[in-house]
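# Close look at the chain arrangement
So the chains spell out like this:
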Amino acid sequence: MTTTPPLVLIRDLSKSYRRGDQIIPVLDNLSLDIPAGEFLALMGPSGSGKSTLLNLIAGIDSADSGRLEVGGIDIRPLSERELARWRAGHIGFIFQFYNLIPVLTAFENVELPLLLTDLPRQQRRDHVELVLGLVGLADRSDHYPGQLSGGQQQRVAIARALVADPSIIVADEPTGDLDRHSAEEVLELLEKLVHDFGKTVIMVTHDPRAADKAHVVRQLEKGVLM
Amino acid sequence: MFILKLILRNVFRHRLRSLLTVVGVAIAILAFGMLRTLTGLWEEGMKHASPIRLVTRNATSLIFPLPIAYLERIRQLPGVTRVAHGVWFGGIYIDEKNFFASYAVEPRNYLALYPEMVVPPPQRDAFFRERKGCMVGASLANRFGWKLGDPIVLRGTIYPGDWEFILQAIYRGKDKTVDERGFIFHWDYFNEKLRMTAPEQADQTGFFMVGVSRPEVAATVSETIDRSFKNSLAETITETEETFHLNFLAMTEAILIVIEIVSYVVIAIIMVVAANTMAMTARERTAEYATLKTIGFGPGHIAGIICGESIAIALLGGAIGIVLTFPAAQMIETALSDYFPFFSVTPKTLIYEALASLGIGVAAAVLPTWRGATIRIAEGLRRVG
Ligand SMILES: Nc1ncnc2c1ncn2[C@@H]1O[C@H](COP(=O)(O)OP(=O)(O)O)[C@@H](O)[C@H]1O
Ligand SMILES: [Mg+2]
């Protein structure tokens with residue numbers, strides 16, 4: 001019997017920040033496997049290194065030492081430019097404060113990742129409309145973020161994370177700024193991504209209700225997984 | 001395409017801030033254009049200095065006279081086609097503030113040497129015939145409402161007393177760069193009067209205007225002239241008209257250099273102001289730039305967005321400034337016609353204005369563009385919460 005390798009493989013990963021001449025250790029020899037199709041919640045007190053770990057997995061920050069493979073690719077040696085291209089193809093991002101571009105409509109925000117592909121205009125349009133429909137905002141595509149509620153904005157952000165069909169969705173406190181009802185909608189969407197579309201979702205959260213939806217909950221404390 | 005769309009929408013994001021920057025750039029470009037036009041006028045005037053006209057003056061100083069007897073000697077030198085002469089008269093019309101350039105000249109050769117002064121032949125002949133006749137520029141005649149045949153009395157400042165003239169001719173410039181505020185009259189009349197009132201000042205002139213056959217002989221001729229009067233009572237300096245003007249206007253030139261510097265300072269100031277505004281704008285949007293980078297956009301995209309916005313604002317302001325240059329120049333020309341014979345904007349000034357606005361846009365963008373393009377994503381994202 002052969003075991004399929006995990007989608008994300010982390011071994012002895014360390015990361016510290018430098019503040020002046022002071023070195024702040026954040027992650028300390030951390031090891032973790034995330035199989036494909038998992039819905040993982042990372043919990044832990046503020047400052048424990050959850051965002052840092054997420055950023056490392058997503059290739060927007062670099063570790064000091066250790067092994068980090070995503071989809072069989074060792075991403076640590078990749079250059080900035082290679083990482084950018086890799087992220088565009090493999091990772092979808094969801095942020096606590098949605099991070100939509102205020103001067104672009106919902107449609108244009110969702111279309112952003114596709115602008116980096118060779119897809120012709122019509123196909124981009126089809127993709128965008130498909131994912132906006134999926135998050136229930138087909139009728140809001142011409143609205144600007146300022147004209148949408150927080151929950152709607154986060155759903156636009158989910159559509160944006162989804163549109164280029166990445167295998168991994170990373171979400172840093174996606175419900176942190178939402179009321180209970182909107183948070184519920186967002187979590188249901190994330191669940192759907194895992195169940196219906198086979199995505200792997202890695203979510204940082206403080207919210208126990210959010211963690212309940214996940215398959216696996218891991219606690220991070222002072223840079224060490226419990 | 002997308003970058004352009006984003007740039008345009010960003011320009012209109014902080015309407016008031018963008019508007020103020022645009023207005024600031026417009027005013028700076030307008031001021032720059034006006035100052036450049038002013039210095040350009042002088043260069044333009046220089047162009048009129050003829051390369052086949054020399055000016056001979058007293059070697060000691062411009063204010064010392066030369067014997068009129070030199071006239072014949074200069075006329076006979078090889079390469080000389082024509083000689084006129086004249087004296088700075090410095091008369092005042094009624095009041096001190098009514099000051100203008102006035103010269104006593106030998107009119108026939110003078111007008112022949114200065115074809116850029118255009119006079120209707122009947123007026124010219126009347127002026128030649130009338131001993132007390134004078135000829136003035138159209139702008140000067142306008143200013144004082146003088147008509148042909150009017151008697152005009154000037155009070156002498158260097159040569160005391162009231163001097164009576166009769167207006168016989170009004171000249172116009174061949175083109176608008178020719179000064180139309182001159183006042184000339186017969187040296188013969190001037191000299192006769194001096195013979196009676198101040199004989200020691202008679203039979204002298206201020207300078208000789210010497211026409212030469214070709215520009216190439218100008219240097220040789222001026223040397224020959226000066227050599228012939230070496231060791232005589234009044235030694236001479238002969239220069240091309242251009243050099244003469246340059247020396248005469250040395251002081252003016254210094255002022256013009258200062259004006260030119262000020263024109264650049266104006267641009268530098270608006271550059272600093274625009275750079276500060278752009279830096280503020282870019283700082284506020286750090287998280288957006290980080291988000292775009294997260295999605296996979298590169299430093300080049302971010303640089304294009306920031307730099308493009310800065311240049312768009314500067315060019316918009318520049319365009320407004322350039323358009324306003326025309327009515328502003330028109331207003332100056334009307335309001336200050338006594339001082340500037342014309343005040344018109346040259347294509348060169350317009351090009352300078354356009355380049356200056358582009359420069360403002362680029363300079364303002366340098367720092368924020370560099371920061372935006374190089375910001376590390378993880379740090380940029382932290383700027384939200
Ligand atoms: N760019 C940085 N420079 C310096 N210190 C940082 C930086 N990013 C994070 N840190 C520090 O690393 C620690 C972990 O941060 P983070 O991963 O954001 O924690 P969490 O998301 O669990 O709240 C904190 O002490 C934080 O101050
Ligand atoms: Mg965090």
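As the structure is a prediction and not an experimental result, all values here were calculated from the model.

Definitions and limits used
- Residues numbered from 1 in each chain as written.
- Chains lettered and ligands numbered in written order.
- Predicted model: local features only at pLDDT ≥ 70, side-chain atom pairs only at ≥ 80, totals over all residues.
- Heavy atoms only, no water.
- Near = heavy atom within 4 Å.
- Polar contact = N/O pair within 3.5 Å; in protein donor to acceptor, adjacent residues only side chain to side chain.
- Areas by Shrake-Rupley, 256 points an atom, 1.4 Å probe, with all protein chains shown as cover.
- Helix = DSSP H or I, 4+ residues; strand = E, 2+ residues; numbered from the N terminus.
- Nonpolar A, V, L, I, M, F, W, Y, C, P; charged D, E, K, R; others polar.
- Pairing = 2+ DSSP bridges.
- Contact = heavy atoms within 4.5 Å.
- Axes fitted to C-alpha atoms, helices over the stretch in contact; angles between N-to-C directions.
- Phe/Tyr/Trp six-rings, centres within 6.5 Å; stacked < 30°, edge-to-face > 60°.
- Buried < 20%, exposed > 50% of the residue type's maximum accessible area, 1.4 Å probe, protein only.
- Lys NZ or Arg CZ within 6 Å of the ring centre and 35° of its normal.
- Parallel < 35°, antiparallel > 145°, perpendicular 65-115°, else oblique.
- Left-handed = near helix turned anticlockwise from the far one by under 90°.
- pLDDT = per-residue confidence, 0-100.

A few words now on the site of ligand 1. If you check the shell around ligand 1, you find 13 residues, and the closest are G47(A), K50(A), S51(A), T52(A) and R382(B). One chain alone does not account for the residues near ligand 1; they come from chains A and B. Separating an oxygen atom of ligand 1 from a backbone N or O atom of S48(A) is a distance of 3.2 Å. Burial of ligand 1 by the protein amounts to 79% of the accessible area it has alone, namely 560 Å². Here the shell around ligand 1 takes 3 residues from helix α1 (residues 50-57) of chain A, the largest share from any one element. Residue classes in the shell around ligand 1 are distributed as 3 nonpolar, 6 polar and 4 charged.

A few words now on the sheet that holds strand β10 (residues 224-225) of chain A. Strands belonging to one sheet form pairs held by backbone hydrogen bonds; the direction of such a pair is parallel or antiparallel. Residues and elements named next belong to chain A. Reading across from one edge, β6-β7-β8-β3-β9-β10 is the order of the 6 strands in this open sheet, with mixed pairing throughout. Looking at the sheet topology across the chains shown, the edges are occupied by β6 (91-94) and β10. Inspection of the sheet shows strand β9 (residues 216-221) paired to β10 by 2 bridges, in the antiparallel sense. What sits directly across from L220, in β10, is L225. Contacts between helix α2 (residues 80-90) and the sheet are confined to β6 and β7 (168-172), with β6 contributing the most and set at about 80 degrees to the helix. Sheet strands touched by helix α6 (residues 180-197): β3 (39-43), β6, β7 and β8 (200-204). Its angle to β8, the strand with the most contacts, is close to 150 degrees.

Residues and elements named next belong to chain B. Using the criterion set out here, one finds 27 aromatic pairs over all chains in the structure. With 5.1 Å between their ring centres and 85 degrees between their planes, F89 and F185 make a pair best called edge-to-face. One end of the pair, F89, is in the loop between β3 (80-88) and β4 (91-92); the other, F185, is in strand β10 (residues 183-186), and 96 residues separate them in sequence. Like F89, the residue F185 is buried in the burial classification. Each member of the aromatic cluster is reached from another via a ring pair, and the members are F89, Y93, F100, F144, W146, Y159, W163, F165, F183, F185, Y189 and F190. Between R73 and the ring centre of Y70, over which it is positioned, the NZ or CZ distance is 6.0 Å. Over the ring of W163 we find K193, and its NZ or CZ is 4.4 Å from the ring centre.

Once that is clear, we can look at the packing of helix α12 (residues 299-335) of chain B against helix α13 (residues 347-374) of chain B. All names here are of chain B. Their axes nearest at 8 Å, the elements α12 and α13 cross at an angle of 155 degrees. Classified by the angle between their axes, α12 and α13 sit roughly antiparallel to one another. Considering only the axes of α12 and α13, their crossing is right-handed. Split by residue class, the contact of α12 with α13 holds 19 nonpolar, 8 polar and 1 charged.

Before going further, it helps to spend a moment on the confidence of the model for chain A. For chain A, per-residue confidence averages 91 on the pLDDT scale, and residues scoring 70 or more make up 99% of the total. Per-element averaging of pLDDT across chain A places β10(A) at the bottom with 78 and helix α3 (residues 106-111) of chain A at the top with 96.

This next bit is on the side chain of T236(B). All names here are of chain B. Relative to the helices and strands, T236 is located in strand β13 (residues 236-240). Classification of T236 by relative accessible area gives buried; the value is 6%. Within polar-contact distance, the side chain of T236 engages the side chain of D226 at 2.8 Å. Every residue in contact with T236, bar those within four places of it in the chain, is listed here: T56, R57, A59, L66, Y70, I225, D226 and F229.

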